[in-house]
There are 2 protein chains.
Amino acid sequence: MQYSITLLAAGLVAQTGLTWAVPQAKNFIYIVPDGYGQASQTMARDYVSLQKTGSNASAPIIQELAGDRLVLGTVRTHASDNLITDSAASGTAFSCGHKSYNDAISVTPDGRPVGSILETAKLAGFKTALVVTSTINHATPAVYSAHVANRDSYEAIAAQQIGYSHPLGPVVDILLGGGRCYFKPQSDSTSCRSDDVDLFGFARKKGYHVMQDRAAFDAYLGGYTTNASLPYIGLFNDDQMMYEIDRAQAPEKEPSLLEMAQAALRSLEQATRASAKGYFIMIEASRIDHAGHANDAAAHVHDTVMYNEVLGFVQNWVDAHPDTMLMSAADHECGGLTTNGFDPAPLVGVQHSFEYLETRWKAYNGTDKRGYFVSTILPAAGLADATSAQVDALLAASSPWAQMKIMIAKKAGVNWSTGGHTATDVTLHGYAAGAKWREFKGDMAGNHDNTELPRYIEKVLGLDMDATTAKLRAVNGSWVAGPEAARRSVGDKRHSH
Amino acid sequence: MQYSITLLAAGLVAQTGLTWAVPQAKNFIYIVPDGYGQASQTMARDYVSLQKTGSNASAPIIQELAGDRLVLGTVRTHASDNLITDSAASGTAFSCGHKSYNDAISVTPDGRPVGSILETAKLAGFKTALVVTSTINHATPAVYSAHVANRDSYEAIAAQQIGYSHPLGPVVDILLGGGRCYFKPQSDSTSCRSDDVDLFGFARKKGYHVMQDRAAFDAYLGGYTTNASLPYIGLFNDDQMMYEIDRAQAPEKEPSLLEMAQAALRSLEQATRASAKGYFIMIEASRIDHAGHANDAAAHVHDTVMYNEVLGFVQNWVDAHPDTMLMSAADHECGGLTTNGFDPAPLVGVQHSFEYLETRWKAYNGTDKRGYFVSTILPAAGLADATSAQVDALLAASSPWAQMKIMIAKKAGVNWSTGGHTATDVTLHGYAAGAKWREFKGDMAGNHDNTELPRYIEKVLGLDMDATTAKLRAVNGSWVAGPEAARRSVGDKRHSH
C-alpha cells in the first residue's frame, strides 16, 4: 500500500522519454568522486576486505564497502568536443544539465552562462555548501558556483565563488577545502593572486566566518558542535588538501573529507531545521583523480576508501533524516586503471603518496642520500625489498618516481594506461530512506548521460534551473570571465586536471 | 494501485539481508557477454554512434545502445581461489549460486556437484536451452549442464551436456553453438574425441534433431518457422563459431548469435505455450572474451555490438511476452581494456579479426608475400596507411600480429593491459515488462556478488536449486569427471579461457 500512496503523492513526471516517479525531498546531497572508475572500487574493496578479514588474494574473503550498497547504474561522460571529458565539461553537465567543451566552467560552447543546481537552490531559499579536498576553485566546485570560459581562471573563479564578482552575490553558504592562496591579496606573501583583491576580507564583510587552519576548524566546527552559524568558509591549505594516505598520519594538520562533510551537514541541518526549504550540498573526494593522474596506486586506494567512508556516513545520515536524498557519480575515470594480475597486499605497506615522498626527497639535505633513500623513501613507498641493483638504477635516473610507480603497480598487479582521463562510463550511486529508496531505484537505475543527473535533482527539490540560466543571461556586462582570464602561471603547475 | 496489487501477489522474500519483492515470471532469459567490461560498452556505443550520426570524436553525437537501456548495476566476480576469476568459476557462481575455484565446472572446491538453475528448471518441467558462439562445451555453457573438476575435460562435458553421462539424462532441449568435433567418434576424421563415443548418434536416439551446418539450421529453424519441435542440437563449427566481424561478411557459413537466439526463443515459446511451465535459456556472446584475450579491438567491438543487438531483440521479446524476464552480466572483464585516448574512427576500416587474417596469411602460397601483405592483410586490419618502413619491420618480425594489434590500438586510442582477465566488477543488465520492470529495479539495482544472481532467478521462477544439488549428490558412482579427464591436447589450443 505504501507504494501506491507514495506514487500518488509524488505524481508521474515524463522526462527524456522516461517516466519518473520522483520522490520529493527537502535536501539533496551530491557526492563527486573525481576520477573514480570501476576498477577504483574493486581495488579499494579488495584492499579493505583482505585487511579486515586477514584473507589473501589466493583465498579471498570479500566484504562490501559502503558504495557497494548504493549502486544505481552507470553514467556516460563525453564532452561536447571530445569523447574523453575533463572535470570542467563533465562538471558543467552534472551541475547544470548542459553539455559543453573541455575547460568550460558552467558556460555553453557559445560562452554564455548556464545556471547550476546549487545556484538555483540558493535562489529558491535553500542553504548551499561545497566541501572538497582540492582547491575550492578547482573545476568541480567551480561549476556549481562560477561561470568562466576556461577552468584555469582560478582568480576569477574564487572571486565569483565568494560572491565578489558573481551577479547573484554570494551563493554558497559553506565552502570547505583547499586553495587558500587565491583568497589573499597579492601583498600577502602566501598569495597566488595577481591583484590586490582580498577575498577573505570580502567574505568577512559579507558575514562569513573565515577559517584558515585545522585549529580554526576545530574551534568553530569540531566535535559535535551544531550551533555554527552560516555562512562560513574554511580553506586549510594554500594548494590542494593532503592525500588521505598522508593526512591520516598527520591529522592535526587538516580535517579529513569525512570530518568536513559531517560538520557541513550538521550546520546545514541546524540552519534549515525551522525552514520549509532545505539544503543542497556537493561533496567532492577530489584527489582520487590526482592519484590517478600521478598513477599512484596507494594514494588512489586511500582516497577511494575515504569516499566510501563518506558514502557510509551519508547513508546513515539519510536514514536519520529521511527528507534527504543522495546521488553520487564521478566525472570520469582517470589513469586507465586495470587490475590485470591483482593482489592488493603489497599496497598495505605503502605509507605515503609519491607526491609526499618526492617533497621529502627534495628537502633532504643530509650527506647520506643513498642511505636516506633506502631507509626512509623506499619503505614508505612499499618498496623495501628493492634490490641493490634496483636502488642503483633508481638513484641514477633523472627522476626515480616513474619507475617506482611501475614497480609498486607490478607488485600489486595493477596497470595504468595513461596519465590522463579515459572515455569509459562511471558508476552511479544513490540513496533514499525507506520506501523512497525503491522509487529512486525505479526512476534512476540505468545508464544515463551525465546531463540527466541534475535534471532529476531539480525535480526532486522542485526547482527550475532554466530560470536561473535566464536570470544569469539577463545580467548586463561581461561578468563571465573569458579565455583571457586563464592564467597558467603561479598556482597552475599544481593543478592537474 | 498496480504496485500494491503486484506486491501482494508476489509476497516479500528476505534474502541475504535484503528484501526482494520478486516479480514472478514463467520464463527467464539469461545472457552472458563473456569477457565484457565497462570499457567494452563505451567503445561499442561510441563506435556505433559515430558511424550512425556521421559525427566524430571531436564533436561526438552519442546514441544509446540496447544495453544502455537495461543497466541495473554491477557484479563482483572473484573466484574462491583468486581475486581474478575465469569463466568456469564465475559461471559456476551465476549458474549454481556457489563460489568455487578457477577451472571448476559446477562443482564446489571439495569436488562435489552443485545443481544449476537450468537443471533445476528442467527437473521442474521447464524447457531449457543453451545458445552460444563458443564451442558448446566451453566453460559458460558447461556450467549449466555438466559437472567436472576441470573445464578442459571437453569430452566429458560434451557427453554430459547431451545426457549420455549426465545422471539426470538429457537436461538441455536446445543446444546451439560450436564444438561439433566433440560430438563425433574418433573414427570420424573431423572428430576431436579420443574415444568411439558418437554423441550425435546418441542425441538422435534420444529424439534430438541434429544440425551440423547453416543449411540444416535454415531448413529446420530459418525464417519465422515456429513449428520446430524440441529437442534439437545445432553445432555449426568444429571449433568456436566465427567472430561476428568475419561472419557478417560470410553469413552463408554460420547463423549469427541473434539468429540462433531468435530461433531458440520462438521454439521455446511454441513448445511451452500450452504449459504452465515456461523455459530457461542461457545465451552467450562468447567471443567478446576471445577478442579480449587476443587484444583484437575491432573483433571485440563487433561481438559487443552483436551482444547489444541480442539485448535489443530480447527487450522487445519481453515486451511481447510479459511473462518473461531478462538478466545479463559478464563473467569477468578481459584484456584490461581502457579508452585512454579514444577515437573509434580507425576501427571502422577494419574488415576482419586478427585470427582470420592470420589464417589467411598462413594459407597464402603465392610468390609476392609482401604485395599480398600490403594489398590484402594490412587494409583488412585497418592499417592501410602503414609506412614502408613499418611494413618492413612487420615482415621481419617472427610474427607481425602482436605489433599490428598495438598499431591499431594506438590509432583508436585504446589500451590492453593483459592477455588475461582482470578483477574489476562487471555491469548487470536486466529487463521485465510493464510494472514488473520497476519492481525488478527495486529488487536488483545495486552491486551483487555473482552468486546472488541465480538465487534471484530461482525465486522468480519458483525453483529450488538446493534440491537439485541434493539429487545430484545422491547419485552413486563417480560420474563427476575428475581432474584427470582434462585433456590439453587436440582441441585445447583453440580454447582461450
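Residues numbered from 1 in each chain as written. Chains lettered and ligands numbered in written order. Predicted model: local features only at pLDDT ≥ 70, side-chain atom pairs only at ≥ 80, totals over all residues. Heavy atoms only, no water.

As recorded by an unreviewed UniProt entry, chain A carries the name Alkaline phosphatase and is attributed to Karstenula rhodostoma CBS 690.94. Recorded in UniProt for chain A, the comment headed Catalytic activity (unreviewed entry) runs: "a phosphate monoester + H2O = an alcohol + phosphate". On record in UniProt, under Sequence similarities (unreviewed entry), the comment for chain A is "Belongs to the alkaline phosphatase family." (UniProt positions renumbered as here; feature names shortened; annotations may be inferred.)

**Student:** How would you sum up the pattern of salt bridges? Please name residues and give values.
**Tutor:** Summed over the entire model, instances satisfying the criterion amount to 46 salt bridges over all chains. Among the salt bridges present, the one from D385 of chain A reaches K411 of chain A, with a minimum N-O distance of 3.1 Å. Within this pair, whereas D385 of chain A is found in the loop between α15 (369-380) and α16 (388-396), its partner K411 of chain A is found in helix α17 (residues 401-412), the two being separated by 26 residues in sequence. Taking the relative accessible area as the measure of exposure, K411 of chain A reaches 32% and is therefore partly exposed. The closest approach of N and O atoms between E458 of chain B and K459 of chain B, which form a salt bridge, is 3.9 Å. Owing to a relative accessible area of 5%, E458 of chain B belongs among the buried residues under this scheme. Beyond isolated ion pairs, a larger network of salt bridges with shared partners links R214, D218, E244, R247 and E259 of chain A. (Salt bridge = Lys/Arg side-chain N within 4 Å of Asp/Glu carboxyl O. Helix = DSSP H or I, 4+ residues; strand = E, 2+ residues; numbered from the N terminus. Buried < 20%, exposed > 50% of the residue type's maximum accessible area, 1.4 Å probe, protein only.)

**Student:** Tell me about the interface of chain A and chain B, residues and numbers included.
**Tutor:** The interface of chain A with chain B comprises 56 residues on the first partner and 56 residues on the second. Carbon and sulfur atoms make up 57% of the surface buried where chain A meets chain B, a total of about 4300 Å² over both sides. Interface area lost by chain A to chain B is led by Q38, L83 and R438 of chain A, which between them contribute 15%. Inspection of the region where chain A meets chain B yields six salt bridges. Between E64 of chain A and R76 of chain B there is a salt bridge, with its nearest N and O atoms 3.5 Å apart. At the surface where chain A touches chain B, the tally comes to 23 residue pairs in polar contact (both at pLDDT 80 or more). Breaking the side of chain A that touches chain B down by element, the ones donating at least two residues are α1 (2-10), α2 (38-53), β4 (71-76), β12 (337-338), β14 (421-422), α18 (435-444) and β16 (446-449) of chain A. Ranked by residue count, the leading element in the side of chain A that touches chain B is α2 of chain A, at six residues. Counted by class, the side of chain A that touches chain B contains 20 nonpolar, 24 polar and 12 charged residues. (Contact = heavy atoms within 4.5 Å. Buried area = accessible area lost by both parts, 1.4 Å probe. Polar contact = N/O pair within 3.5 Å; in protein donor to acceptor, adjacent residues only side chain to side chain. Nonpolar A, V, L, I, M, F, W, Y, C, P; charged D, E, K, R; others polar.)

**Student:** Can you tell me about the UniProt feature "binding site: Zn(2+)" (unreviewed entry) in chain A, naming the residues and giving the values?
**Tutor:** Residues and elements named next belong to chain A. UniProt tags D34, D289, H293, D331, H332 and H421 as "binding site: Zn(2+)" (unreviewed entry). In sequence the annotated residues extend across 388 residues, while in space they remain close, none of their C-alpha pairs exceeding 14.0 Å. Checked against the element boundaries, D34 lands in the loop between β3 (27-33) and α2. In this structure D34 touches S87, T140, E284, A285, S286, I288, D289, D331 and H332, once residues within four positions along its chain are discounted. Tracing the backbone through its elements, the reader meets D331 in the loop between β10 (324-329) and β11 (333-334). Apart from the residues lying within four places of it in its own chain, the contact partners of D331 are V32, P33, D34, G35, T77, T85, S87, S90, F94 and T140. Engagement of the side chain of D331 in a polar contact is seen with the backbone nitrogen of G35, the distance being 3.1 Å.

**Student:** Outline the relation of the copies chain A and chain B, listing residues and values.
**Tutor:** If you rotate chain A by 180 degrees and push it 0.0 Å along the axis, it lands on chain B with an RMSD of 0.0 Å. The two molecules are tied by a two-fold rotation axis, judged by turn and shift. Relative to the rotation axis, the closest C-alpha in chain A is found at G73 of chain A, a distance of 2.2 Å. Both copies present the same face, since 100% of the interface residues in chain A are matched by interface residues at the equivalent positions in chain B. (Least-squares fit on C-alpha atoms with pLDDT ≥ 70 in both.)

**Student:** A description of empty space enclosed by the protein should follow, citing residues and the corresponding values.
**Tutor:** A full pass over the atoms with the stated rule returns eight cavities of 30 Å³ or more. By volume, the largest cavity is sized at about 190 Å³. As for the largest cavity, its lining consists of 19 residues, and the residues nearest its centre are Q38, A39 and L337 of chain A together with Q38 and L337 of chain B. Elements that contribute at least two residues to the lining of the largest cavity include exactly α2 and β12 of chain A together with α2 (38-53) and β12 (337-338) of chain B. Residue composition of the lining of the largest cavity, by class: four nonpolar, 11 polar and four charged. Here the second largest cavity is characterised by a volume of approximately 100 Å³. The wall of the second largest cavity is formed by 14 residues, among which T133, M242, E244, L257 and D303 of chain B lie closest to the centre. Put simply, the parts of the chain that give the lining of the second largest cavity at least two residues each are α9 (244-247) and α12 (297-320) of chain B. Residue composition of the lining of the second largest cavity, grouped by class: seven nonpolar, two polar and five charged. (1 Å grid on protein atoms, 1.4 Å probe; cavity = no way out; pocket = protein on both sides within 12 Å on 5 of 7 lines; lining within 4 Å. Points joined across faces, edges and corners; volume = space filled by probe spheres on them.)

**Student:** Describe the packing of aromatic side chains, and please don't skip the residues or the numbers.
**Tutor:** Residues and elements named next belong to chain A. This structure, assessed with the given rule, holds 36 aromatic pairs over all chains. Here Y164 and F202 contribute two aromatic rings whose centre-to-centre distance is 5.4 Å and whose plane-to-plane angle is 90 degrees, an arrangement assigned as edge-to-face. Highlighted residues: Y164 in the loop between α6 (154-161) and β6 (174-178) and F202 in helix α7 (residues 199-205), separated in sequence by 38 residues. Using a relative accessible area of 43% as the deciding quantity, one classes Y164 as partly exposed. Overall, F202 belongs to the buried group, its relative accessible area being 15%. When the centroid spacing of 5.6 Å and the interplanar angle of 90 degrees are considered together, the rings of F217 and F236 count as edge-to-face. Taken together, the residues F217 in helix α8 (residues 214-221) and F236 in the loop between β8 (232-235) and α9 (244-247) connect sequence positions 19 residues apart. (Phe/Tyr/Trp six-rings, centres within 6.5 Å; stacked < 30°, edge-to-face > 60°.)

**Student:** Let's hear about the UniProt feature "active site" (unreviewed entry) in chain A: which residues, and what values?
**Tutor:** Residues and elements named next belong to chain A. Under the feature "active site" (unreviewed entry), the UniProt entry names S87. With respect to the element layout, S87 can be found in helix α3 (residues 87-96). Here D34 takes part through its side chain, which lies 3.2 Å from a polar atom of the side chain of S87.

**Student:** Before we move on, can you summarise the packing of helix α15 (residues 369-380) of chain B against helix α16 (residues 388-396) of chain B with the specific residues and values?
**Tutor:** Residues and elements named next belong to chain B. Following both chains from N to C, one finds α15 and α16 inclined at 105 degrees, their axes separated by 11 Å at the closest point. Overall, the two elements α15 and α16 adopt an arrangement that is roughly perpendicular. Facing α15, whose interface residues are R370, F373, V374 and L378, α16 presents S388, V391, D392, L394 and L395. Classifying every residue of the contact of α15 with α16 gives six nonpolar, one polar and two charged. (Axes fitted to C-alpha atoms, helices over the stretch in contact; angles between N-to-C directions. Parallel < 35°, antiparallel > 145°, perpendicular 65-115°, else oblique.)

**Student:** Would you mind going over the domain arrangement of chain A in detail, with residue names and values included?
**Tutor:** Residues and elements named next belong to chain A. Once the domains are mapped, chain A shows domain 1 (26-339 + 425-494) and domain 2 (345-412). For domain 1 and domain 2, the distance between their C-alpha centres works out to 32 Å. Tallying the contact residues gives 15 residues for domain 1 and 10 residues for domain 2. Across the interface of domain 1 and domain 2, roughly 1100 Å² is buried in total on both sides, 59% from carbon and sulfur atoms. When residues of domain 1 are sorted by the area they lose upon contact with domain 2, Y47, D246 and D296 head the list and together hold 34% of the total. Our enumeration of links across domain 1 and domain 2 arrives at one salt bridge. Ionic pairing is found between E355 and R287, a salt bridge with its closest N-O pair at 2.9 Å. The tally of links between domain 1 and domain 2 comes to six residue pairs in polar contact (both at pLDDT 80 or more). (Domains from an automatic or database assignment.)

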